[in-house]
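# Residue-level structural notes
Here is what each chain is made of, one letter per residue.
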Amino acid sequence: MKELKLALLGFGNAGQAFGRMLLDKEDEIKKTYGTEVKVTAIATASKGNVYDPEGIDLRAALDDVTASGRFSEKHCLTKLSTMELAEQADYDVLVEMTPLNIFTGQPATDHIRTAFRRGRHAITANKGPIAWYFRELDHMAREAGVCFFYETTVMDGTPVFNLVENTLKMAKVTEVSGILNSTTNYILEGLAMGIDYDVIMERGRSMGFIEADPAMDIEGYDAAAKITALLNVLMDAGITPDQVKRKGIEDITIKDIEEAASRGKVIKLLCQGVRKDDGSVEATVAPVEVPKDDILAGINSTTSIVSITTDLMKKVSVIEHEPEIEQTAYGVFGDLLRVLDRIAGER
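Residues numbered from 1 in each chain as written. Predicted model: local features only at pLDDT ≥ 70, side-chain atom pairs only at ≥ 80, totals over all residues. Heavy atoms only, no water.

## Considerations on the pairing of strand S12 (residues 314-320)
With 7 bridges connecting them, strand S11 (residues 304-310) and S12 associate as antiparallel partners. Counterpart to Ile308 in the pairing with S12 is Val316. Counting the residues in the hairpin turn of S11 and S12 gives 3 residues. (Pairing = 2+ DSSP bridges. Helix = DSSP H or I, 4+ residues; strand = E, 2+ residues; numbered from the N terminus.)

Structure below.
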């Protein structure tokens, strides 16, 4: 049976959920593709790094992390750094799931560059490389003749990039818009319900989707990175997050929300990108008043929406309902299946 070896850079909640999904679907993958998927390297910031070119016992590795938060000595622990694993490990597919640096896209971008220089496929759940360096990375992948997939980067496992690539063929995207940051959406909804801000934040943190320091969300940086990634892929915008006209919800008050309600509207943090007459793409992130009968007004809690306008199909919207970590894992898993499909098609 053929083998496909993976290097997992990052093994947090999403990485572990992806690992469990690999185990759950192991037999089905073998049956469908005649291929055994092996994880040969796992790199983490706090759990240790593991490398075994013959394949790591993934189930045991997950048990270790669940029980103690670290890999035990029974695994092939290595002193190789994350970058050194990208440079030296035996793998066919690099799966980049390291933490996001929203202002640079690093070191995730360099991990992916390294994979492409070695002629390896890459899957990323990290939006940084797509927001900052998409054109370069896409060119490198094409030159190397390898796959580069990134479905998880904007709306978890929701097939947004796949939708355009596979089912909106020859349709030119002219505008992309949506509500892409669940933290700000949750906060605005809570404030509109009259819940105290501190209570909203405490609840969100206890549910695991509001960070200890939510500034990147509240000030619109996360939303800017997401709309940039969408526009770079879907509209070949060639922009970076610092070029987005960005305004977060940090100055929105209860009074603002009440006044909007008196006009029959709600406030949402809206992301938007449009093609200008000169061919460039202009991107904005800002709180806007939305009529209560608009579809955007019904996007509540941690639900997200993206709307894609094209010349041929007009406006199509995709809604992701209150995602959990399994959706993120499935985005990576789905990209892995695309790699397997590509390899199968080449045989």
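## What about the environment of Glu73?
Take Glu73: it is sitting in the loop between helix H3 (58-68) and helix H4 (82-88). Using a relative accessible area of 69% as the deciding quantity, one classes Glu73 as exposed. (Buried < 20%, exposed > 50% of the residue type's maximum accessible area, 1.4 Å probe, protein only.)

## Thoughts on the nonpolar core
By size, the foremost hydrophobic cluster in this structure holds 55 residues, and its most contacted members are Phe148, Leu230 and Leu234. Element by element, the count of residues in this core is highest for helix H12 (residues 221-234), at 7 residues. Membership of the second largest hydrophobic core comes to 35 residues, among which are Ile29, Ala61, Val65 and Ile123. (Core = buried A, V, L, I, M, F, W, Y, C linked by side-chain atoms within 4.5 Å.)

## Some remarks on H3
Along H3, the residues classified as buried are Leu58, Ala60, Ala61, Leu62, Asp64 and Val65. Tucked inside the fold, the buried residues of H3 contact helix H1 (13-24) and strand S2 (35-43). Downstream of H3 by a residue or two, Gly69 has a phi angle that is positive, lying close to 80 degrees. (Contact = heavy atoms within 4.5 Å.)

## With respect to the sheet that holds strand S8 (residues 245-246)
As summarised here, the arrangement of the 6 strands in space is S8-S10-S9-S7-S11-S12, forming an open sheet in which the pairing is mixed. Single-partner strands in this sheet number two, and they are S8 and S12. Sheet strands in contact with H12 are strand S7 (173-179), S8, strand S9 (265-275), strand S10 (281-291) and S11, and its direction is about 35 degrees off that of S9. (Axes fitted to C-alpha atoms, helices over the stretch in contact; angles between N-to-C directions.)

## Some remarks on the environment of Thr303
Position of Thr303 relative to the elements: it lies in the loop between S10 and S11. Residue classification places Thr303 among the buried positions, given a relative accessible area of 8%. For the pair Thr303 and Asp110, spaced 193 residues apart in sequence, the C-alpha to C-alpha distance is 32 Å. Beyond its immediate sequence surroundings of up to four residues, Thr303 is in contact with Asn185, Ile319, Glu320, His321 and Glu322. A distance of 3.2 Å separates the side chain of Thr303 from the backbone nitrogen of Glu322, its partner in a polar contact. (Polar contact = N/O pair within 3.5 Å; in protein donor to acceptor, adjacent residues only side chain to side chain.)

## As for the sheet that holds strand S3 (residues 50-51)
With mixed pairing, 6 strands are arranged side by side in an open sheet as S3-S2-S1-S4-S5-S6. The sheet terminates laterally at S3 and strand S6 (148-149), the two strands that pair on one side only. Judged from the 4 bridges that link them, strand S4 (residues 93-96) and strand S5 (residues 121-124) form a sheet pairing that is parallel. When the sheet's bridge partners are listed, Val93 is paired in S5 with His121.

By themselves, these figures tell us nothing about what the structure is for.
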